[in-house]
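# Structure at a glance
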Amino acid sequence: MEKIISVKNLKKAYKKETAVENVCFALAPGNIMGLLGTNGAGKTTTLKMITNLCSKDNGKIVIDNVSLDENPGLALSKVGAALDTPSFYQELTARENIECFAHLYENIPNGQVMELLDYVGLKNQAEKKVKKFSLGMKQRLALARAMLGQPKLIILDEPANGLDPQGQINLYRLICDMAKERNTTFIVSSHQLHDMEKFCTDILILDKGKSILQGKTENILSETTNIVDCILEETNAARRVLSGCQGISLVSQKGNQFTIRLENICFDEFVKNLVANHLHIHYLSMRKHSLQDLFLKLTGGAEPCIH
Amino acid sequence: MYPLTRFYARKLYRQKLIYIFFACFFTASFFYAFLISTPQMEEMLNINIGIVGRKNFPEFMMRFYVGTVGILFHVFLLTLFICEEDRNKMLYQPLLHGENRNRMIRSKIYVAVSMSMVFVLLVAFINYITAFMRWGYEIFEQAAFIRTIIKYLLSGIYMSVITLGIVLLCICTRNAWKTIFFVIIYLLIDQFIYSSNIALLQKIWVGYYLNLWTFAYEYQKIPFSELIIGIFIMILYGIAFFQISLYRTKKIDF
């Protein structure tokens, strides 16, 4: 399968402190990978190593079949990036800011700058000085700048920082649209876990520089332990049935209200089991861990709050 | 011209500081030219108008620029050009658009060095304009004119080397205030070395030759041997600053 980026055993240490250790991942065209982690987990360092802004101690990065070590110029010509807080020449207009960087490319057609500004919804603000822009507008402008040269991979470091909820949704929609329409691959670092869960096809969670969870978002969420709340009649009988049932464990019981963890059994089988044992079910509901729950559990934060 | 160099040149020449500085410099030069030639000022400042005025005025004003004033102006400008860009996360932006570090820093250096040369020429132009306004054709006495132009060119070389040194400081410290601090320290050491009697240190100190040319040989022709040694030392410093800047830039973790 074609890979736009492949990262193997990435490692970086600052003096005696390890910032990133053995990070590996690969992404196909059109994928959106959410790079998650607490502050200082190594997200930005990872992104900076991919964009060659920061040297790596070990590891291999291949972008669109070009090794970053062997041909950094060619490899990075396929990458667009917006790292850190969006920064621009404040005295220049949005159009001038993008044009400054458009001059660095050889074959940018006339009008592409305005096209990009239109795409990110800033066409009407093109002649406005950047110093008058809100943070949300700057984030959009940073995305437009990252899109210069039609890169196959776009790297965004906390693009939703400082945006209001509407702005966040709009930005992520824009990213999704680009991934679908242009088959662009994205690596997005963020703390907006709910949004990441919805928009990302892949997830990589870093903790203290190490990858602690990665994979397809749907797999990650479905593979994790499911919790079922149920209210059953005949408390004692229900308890007997549940304790004899394979592949589940009883989390808690309060009267006839049971909380059960499905470990090696699917929800349908569990329900069949209850029915087969003639238990009257008053209420039955399955809960899943959200990405946030998983994140908190894995990174040793507060106890997961299950919805 | 390479697009990035053109881009940086445009960016640098948008700095208002340049225009403010040269407006101030013109005003200073103008008032100096007219004030020092009044009998009252001559008496008060104990200045011999025959020496600092007329044909010698452009050289007199050149010393005013290439000393502390010009170097401080350069350090402020270059810290805006490099350290502030670095702080605002703009320095590495070209690297995200297919540029490499070597080309990026070379472009910055080319723009900075040519700027320092252009500024020396601009200073010469301003001083000749104000001197002409005050004394007319009298300032163009051939020997003095050639001697002054050579000194301006030598100052241009010195300012270019200093510019390379400031660029290197900006890259190493990555902090505007630290760079300014080290440049002030340089100026103090420079004065100390020139006024000291440590001959060996003087011979290898880049600033010594400028002081030699502008103070020891003020309004006089510089001996050829002193000129060659000075230029040689300056070129050595320049090459060292340039190469170290390239090396350090490769190692920066943005």
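In this numbering scheme, every chain counts its residues from 1 along its sequence in written order. All chains are assigned letters beginning with A, and all ligands numbers beginning with 1, in the order in which they are written. Reporting in this predicted model follows two pLDDT cut-offs: at least 70 for local features of residues, and 80 or more for side-chain atom pairs to be given and counted; totals over whole chains, interfaces and linings ignore these cut-offs and use all residues.

Within chain B, the regular secondary structure consists of eleven helices and zero strands. Reading the secondary structure of chain B in the N-to-C direction produces α-α-α-α-α-α-α-α-α-α-α. Expected size for 254 residues packed as a compact globule is a radius of gyration near 18 Å; at 19 Å, chain B falls within 12% of this value. If one aligns the C-alpha atoms of chain B with their principal axes, the spans along those axes are about 60 × 40 × 30 Å. Each of the 254 residues in chain B was classed as buried or not, and the buried ones make up 38%. Whether two residues are in contact depends on their C-beta atoms, placed from the backbone: they are in contact if these lie within 7 Å. Within chain B, counting contacts between residues at least 6 apart in sequence, those at least 24 apart form 81% of the total. Working definition: helices are DSSP H or I runs of at least four residues, strands are E runs of at least two. Numbering for both runs from the N terminus. Only C-alpha atoms enter the radius of gyration; for comparison, a globular chain is expected to reach 2.2 Å times N to the power 0.38, where N is the number of residues. Whether a residue is buried, exposed or partly exposed follows from its count of other C-beta atoms within 10 Å of its own C-beta, namely 20 or more, 12 or fewer, or something in between, respectively; the C-beta atoms are built from the backbone.

Now for the pairing of strand 11 (residues 226-232) of chain A. All names here are of chain A. Two strands are counted as paired when DSSP detects at least two bridges linking them. Across six bridges, strand 11 lies against strand 13 (residues 257-262) in antiparallel orientation. Each bridged residue has a counterpart across the sheet, and for V228 the counterpart in strand 13 is I260. Inspection of the sheet shows strand 11 paired to strand 14 (residues 281-287) by six bridges, in the antiparallel sense. Bridge pairing in strand 14 places C230 opposite L284.

An α-helical turn contains 3.6 residues, so a residue and the one three or four places further along point in the same direction. The end-to-end C-alpha distance of helix 7 (residues 142-173) of chain B, which contains 32 residues, comes to 46 Å, matching closely the 46 Å that a straight helix rising 1.5 Å per residue would cover. Of the residues one or two after helix 7 of chain B, R174 of chain B is the one with positive phi, at around 55°. Helices are assigned an expected span. That span is 1.5 Å times one less than the residue count.

Residue and element names in this part refer to chain A. Mapping D207 onto the fold places it in strand 9 (residues 202-207). Judged by local crowding, D207 falls into the partly exposed class, with 18 C-beta atoms found within 10 Å. Between the C-alpha atom of D207 and that of G37, which follows or precedes it by 170 residues, the distance is 5.8 Å. When sequence neighbours within four positions are dropped, the list of residues in contact with D207 reads G37, T38, A41, I212, L298 and T299.

Turning our attention to the sheet that holds strand 13 of chain A. Residue and element names in this part refer to chain A. If you trace the four strands from one edge of the open sheet to the other, you get 12-13-11-14, paired in antiparallel fashion. Looking at strand neighbours, the two that pair on one side only are strand 12 (248-254) and strand 14, the edges of this open sheet. Going across the sheet, the axis of each strand differs from the next one's by a mean of 20°, ignoring polarity. By the bridge criterion, six bridges tie strand 12 to strand 13 in an arrangement that is antiparallel. Between N-to-C directions, angles cover 0 to 180 degrees, with each direction set by a line fitted to C-alpha atoms, over the stretch in contact for helices.

Another aspect to go through is the confidence of the model for chain B. Per-residue confidence from the prediction method is given by pLDDT, with values spanning 0 to 100. Residue-level pLDDT values for chain B average 90, and 95% of them are 70 or greater. Interface confidence for the predicted complex, expressed as ipTM, amounts to 0.77; the pTM equals 0.82.

Take the pairing of strand 2 (residues 17-27) of chain A next. Residues and elements named next belong to chain A. Pairing geometry for strand 1 (residues 5-14) and strand 2, over seven bridges, is antiparallel. Pairing of L10 across the sheet is with V23, part of strand 2. Between strand 1 and the antiparallel strand that follows it, strand 2, lie two residues; K15 among them carries a positive phi value of about 50°.

Bringing unusual backbone geometry into the picture now. In the Ramachandran plot, N183 of chain A falls in the positive-phi region, its phi being about 60° despite a non-glycine side chain. Along the polypeptide, N183 of chain A turns up in the loop between helix 6 (165-182) and strand 8 (185-189). With phi around 60°, Y219 of chain B is a residue other than glycine that occupies positive phi space. Here Y219 of chain B lies in the loop between helix 10 (206-216) and helix 11 (224-251).

Residue and element names in this part refer to chain B. For the pair helix 1 (residues 3-12) and helix 6 (residues 101-135), interaxial distance at closest approach is 9 Å and the crossing angle is 45°. On the basis of the axis angle, helix 1 is oblique to helix 6. Seen along the crossing, helix 1 lies across helix 6 with a hand that is right-handed. On helix 6, the residues touching L4, T5, Y8, A9 and L12 of helix 1 are R103, M104, S107, K108, Y110, V111 and M115. The classification used treats Ala, Val, Leu, Ile, Met, Phe, Trp, Tyr, Cys and Pro as nonpolar, Asp, Glu, Lys and Arg as charged, and all other residues, Gly among them, as polar. Tallied by class, residues from the contact of helix 1 with helix 6 come to eight nonpolar, two polar and two charged. Angle categories are assigned with fixed cut-offs, so that under 35 degrees is roughly parallel, over 145 is roughly antiparallel, 65 to 115 is roughly perpendicular, and the rest are oblique. A crossing counts as left-handed when the near helix is turned anticlockwise from the far one by less than a right angle, and as right-handed when that turn is clockwise.

Now for the packing of helix 6 of chain B against helix 7 of chain B. Residue and element names in this part refer to chain B. Where helix 6 meets helix 7, the closest approach of the two axes is 9 Å, and the angle between their N-to-C directions is 145°. Judged by the twist between their axes, the crossing of helix 6 over helix 7 is right-handed. Residues K108, I109, A112, V113, S116, M117, V120 and A124 of helix 6 pack against Y152, S155, G156, M159, S160, T163, L164 and V167 of helix 7. Its residues assigned to classes, the contact of helix 6 with helix 7 shows ten nonpolar, five polar and one charged.

What follows deals with the environment of K89 of chain B. By the element assignment, K89 of chain B lies in the loop between helix 5 (57-87) and helix 6. Given 16 C-beta atoms within a 10 Å radius, K89 of chain B is considered partly exposed. For the pair formed by K89 of chain B and I139 of chain B, sequence separation is 50 residues and the distance between their alpha carbons is 49 Å. Look past the residues within four positions of K89 of chain B in its chain and what remains in contact with it is D84 and S87 of chain A.

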